[in-house]
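Spelled out from the first residue to the last, the chains are:
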Amino acid sequence: MKSFLLKVSLLLFFFLLKITNGDVLFSSLPRSLFVVVSTTEGQVLKAGEDNITVTFGLNQTVTNQSDESYKKVKVKLCYAPVSQVDRKWRKTNDNLKKDKTCQFTIYNKPFERNVEGFKWDIEKDVPTATYFVRSYVYNDADEEIAYGQTTNDKKSDNLFKIEGISGRSMSIDVASICFSVFALLSLVGFFYIEKRQSKVKS
């Protein structure tokens with residue numbers, strides 16, 4: 001019995017080791033950065049038209065913090081939980097290699113100790129959803145080693161919405177109408193010619 005339990009324990013250990021080996025878990029990261037965005041709670045922005053301003057830097061409330069290993073910082077636009085419901089392609093996973101919460105990188109530069117800020121024009125391909133902003137810092141191995149975000153741990157406050165561009169545009173609508181009219185006229189013309197030919201034969 002003991003040997004069986006030992007084998008099971010070893011198998012479980014190696015299985016977990018295989019899953020997490022080389023992968024970074026979000027739950028293991030310290031919240032060493034602060035991130036502030038220019039939006040207000042519940043504000044609605046339009047893709048392809050509006051922009052946001054993001055400010056970030058070291059979180060001074062974190063004690064005994066060392067940034068020597070901080071080499072690069074990325075800021076990302078992330079889906080809030082309300083926009084992840086029944087959408088597996090946006091699902092949150094503690095393993096950051098499998099996590100799909102933050103799919104839009106809006107800033108990617110070497111890390112600077114000074115407080116940084118930038119303006120990001122919301123791209124046209126951003127879908128309609130509720131969002132927050134998160135930043136990650138990376139080491140030389142390009143692994144996430146710390147983070148910061150504009151919302152709380154439950155991702156329930158300081159959220160904003162973006163209205164995506166629907167797939168249709170005025171030019172597409174006009175082209176569709178023209179094609180429909182052409183098809184209708186062609187059909188009427190076809191029947192007219194057929195009817196006329198039948199009268200000639202008779």
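Data block above holds the structure.
Since we're looking at a predicted model, the values are computed, not measured.

Peer 1: Requested: an account of the packing of aromatic side chains, with residues and values cited.
Peer 2: Two aromatic rings are characterised by how far apart their centres lie and by the angle between their planes. All told, the structure shown has 10 aromatic pairs when counted by the stated rule. Plain terms: the ring middles of F56 and Y107 are 5.2 Å apart, the flat faces sit at 70° to each other, and that makes the pair edge-to-face. Taken together, the residues F56 in strand β3 (residues 51–58) and Y107 in strand β5 (residues 102–110) connect sequence positions 51 residues apart. By relative accessible area, Y107 is classed as buried at 9%. Put simply, the rings of F26, Y136, Y138 and Y147 touch in pairs and so form one group of aromatic residues. Of note, K72 hangs over the ring of Y138, and the distance from its end group to the ring centre comes to 5.4 Å. The ring of Y138 has K74 lying over it, and the distance from NZ or CZ to the ring centre is 5.1 Å.

Peer 1: Explain the sheet that holds strand β6 (residues 116–121) to me, using residue names and the numbers behind them.
Peer 2: Spatially, β1-β3-β6 is the arrangement adopted by the 3 strands of the open sheet, whose pairing is antiparallel. The outermost strands of the open sheet, each flanked by one partner alone, are β1 (33–37) and β6. Going across the sheet, the axis of each strand differs from the next one's by a mean of 20°, ignoring polarity. As paired strands, β3 and β6 are joined by 6 bridges and run antiparallel to one another. Within β6, the position partnered with T55 by the bridge is G117.

Parameters and conventions
Residues numbered from 1 in each chain as written. Predicted model: local features only at pLDDT ≥ 70, side-chain atom pairs only at ≥ 80, totals over all residues. Heavy atoms only, no water. Phe/Tyr/Trp six-rings, centres within 6.5 Å; stacked < 30°, edge-to-face > 60°. Helix = DSSP H or I, 4+ residues; strand = E, 2+ residues; numbered from the N terminus. Buried < 20%, exposed > 50% of the residue type's maximum accessible area, 1.4 Å probe, protein only. Lys NZ or Arg CZ within 6 Å of the ring centre and 35° of its normal. Pairing = 2+ DSSP bridges. Axes fitted to C-alpha atoms, helices over the stretch in contact; angles between N-to-C directions.

Treat this as a map of the structure, not an account of what it does.
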